Amino acid sequence: MSAPVLVLLGPPGVGKGTQGDRLAEKPGWVRLGTGDLLREARREGTELGRKAEAYMDEGKLVPDDLILGLVREKLEELGQETRVILDGFPRTDIQARGLDELLPDLGRTVDGVLLFEAPDETLVKRIAGRRSCPECETLYNVYFDPPPEEGKCGRCGAELFHRKDDRPDTVQGRLDVYREQTEPLVRYYEAHSAELLPIAGEQGMDEVWDQVRTSLRDALGLEV
Ligand code: AMP
């Protein structure tokens, strides 16, 4: 049997990246975050990075064909033994269908979808306090999870920054995009028999992590 593929579904700021990082610290697991991969492509100035730039800064979705090409390439590189966490992908109906078409070619399926939920006001507050490391992508929050030294990444020492699309004027638009284009994937996965595992994302990081572990163990028999 091939190693599991999990999807982390939920609005920006709900904690998918934090929980995905935590899961990816476990041996054999890798997190593929399309947002992180796109930011990396922008830093490196690749063609993909240049094409994605304007969409990202406006809080809009990057076209599906670019995203599907990127994910296919990364999944092919990883091989079947790697346990994969898809974070921030799929985000549209076309991406979900595209994923279901490409996984069988790689001998895989979506084994479970962790559905993170939290009220908009919690998300807006979390995003406003979020600071990112431009080098290693570690996330902090000035209110809930500050770095050991103000403004500096505790992992690699780089200067932290506030992502342009995390600023208040873009955040509400990103939440609207999520509700319109990504939330309907809940119905898609209900209809396509992947295990849907609800996670209450407004709780603290450790409580959310406990929910993630319990859900994976109880629903999928995965010990993490
Ligand atoms: P994230 O870090 O997941 O919040 O993503 C940041 C931005 O990257 C999004 O607002 C989109 O512009 C773009 N992006 C990331 N993942 C996707 C995706 N699966 N489909 C389309 N755009 C994406």
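It should be noted that the structure appears before, not after, this text.
Below you will find a few notes about this structure. (Residues numbered from 1 in each chain as written. Predicted model: local features only at pLDDT ≥ 70, side-chain atom pairs only at ≥ 80, totals over all residues. Heavy atoms only, no water.)

A word on the layout of surface pockets. The space that makes up the second largest pocket amounts to roughly 190 Å³. Together, 13 residues line the second largest pocket, and Arg-39, Arg-42, Phe-161, Arg-163 and Lys-164 are the ones closest to its centre. For the lining of the second largest pocket, the secondary-structure elements that each account for two or more residues are α2 (34-44) and α3 (47-57). For the lining of the second largest pocket, the leading source of residues is α2, giving three residues. Looking at side-chain class alone, the lining of the second largest pocket contains four nonpolar, one polar and eight charged residues. (1 Å grid on protein atoms, 1.4 Å probe; cavity = no way out; pocket = protein on both sides within 12 Å on 5 of 7 lines; lining within 4 Å. Points joined across faces, edges and corners; volume = space filled by probe spheres on them. Helix = DSSP H or I, 4+ residues; strand = E, 2+ residues; numbered from the N terminus. Nonpolar A, V, L, I, M, F, W, Y, C, P; charged D, E, K, R; others polar.)

What describes two packed helices is the angle between their axes and the distance between those same axes. One way to put it is that α2 packs onto α3 with a least axis distance of 8 Å and a crossing angle of 120°. Relative to α3, the element α2 lies oblique. In this structure, the crossing between α2 and α3 has a hand that is left-handed. The residues of α3 that touch α2, namely those facing Gly-35, Leu-38, Arg-39, Ala-41 and Arg-42, are Leu-48, Gly-49, Ala-52, Glu-53, Met-56 and Asp-57. Taken together, the residues of the contact of α2 with α3 break down into five nonpolar, two polar and four charged. (Axes fitted to C-alpha atoms, helices over the stretch in contact; angles between N-to-C directions. Parallel < 35°, antiparallel > 145°, perpendicular 65-115°, else oblique. Left-handed = near helix turned anticlockwise from the far one by under 90°. Contact = heavy atoms within 4.5 Å.)

Quick look at the site of the ligand now. Looking at the ligand, there are 16 residues lining it, with Thr-34, Lys-60, Gly-88, Gln-95 and Arg-174 nearest. At a separation of 2.8 Å, a nitrogen atom of the ligand approaches a polar side-chain atom of Thr-34. Arg-163 is positioned with one of its side-chain polar atoms (N or O) 3.4 Å from an oxygen atom of the ligand. Against a free-state accessible area of 480 Å², the protein chains account for coverage of 94% of the ligand. Per-element tally for the shell around the ligand: the top contributor is α2, with four residues. (Near = heavy atom within 4 Å. Polar contact = N/O pair within 3.5 Å; in protein donor to acceptor, adjacent residues only side chain to side chain. Areas by Shrake-Rupley, 256 points an atom, 1.4 Å probe, with all protein chains shown as cover.)

In this section: helix α5 (residues 93-105). Within an α-helix, residues lying three or four positions from one another point in the same direction, as the helix has 3.6 residues per turn. Taken residue by residue, α5 has Gln-95, Ala-96, Gly-98, Leu-99, Leu-102 and Leu-103 as its buried positions. Down the axis of α5, the sector holding all buried residues measures 160°, keeping them to one side. Relative to its buried face, α5 has exposed residues pointing more than 90 degrees away, namely Ile-94, Glu-101 and Pro-104. Contacts made by the buried residues of α5 are with β1 (5-9), α4 (64-78), β3 (83-87) and α8 (185-191). Following α5 by one or two positions, Gly-107 has its phi on the positive side, about 70°. (Buried < 20%, exposed > 50% of the residue type's maximum accessible area, 1.4 Å probe, protein only. Arc of directions from axis to C-beta.)

We now examine the packing of aromatic side chains. Summed over all chains, the structure comprises two aromatic pairs. Pairing Tyr-143 with Phe-144 gives two aromatic rings, centres 6.1 Å apart and planes at 65°, and the pair type is edge-to-face. Exposure remark for Tyr-143: the relative accessible area of 53% places this residue in the exposed category. Ring geometry for Tyr-188 against Tyr-189: centres 5.2 Å apart, planes inclined by 90°, an arrangement best described as edge-to-face. Here Tyr-188 matches Tyr-189 in class, with each residue buried. Cation over ring: Lys-125 sits above Tyr-143, and NZ or CZ is 6.0 Å from the ring centre. (Phe/Tyr/Trp six-rings, centres within 6.5 Å; stacked < 30°, edge-to-face > 60°. Lys NZ or Arg CZ within 6 Å of the ring centre and 35° of its normal.)

With respect to the helices and strands, the residue Gln-19 is situated in helix α1 (residues 16-24). In this structure Gln-19 comes out as buried when scored by relative accessible area, which is 4%. Residues Gln-19 and Val-212, spaced 193 residues apart in sequence, show a C-alpha to C-alpha distance of 8.0 Å. Sequence-distant contacts of Gln-19, that is, excluding residues within four places in its chain, are made with Phe-116, Met-205, Val-208, Trp-209 and Val-212.

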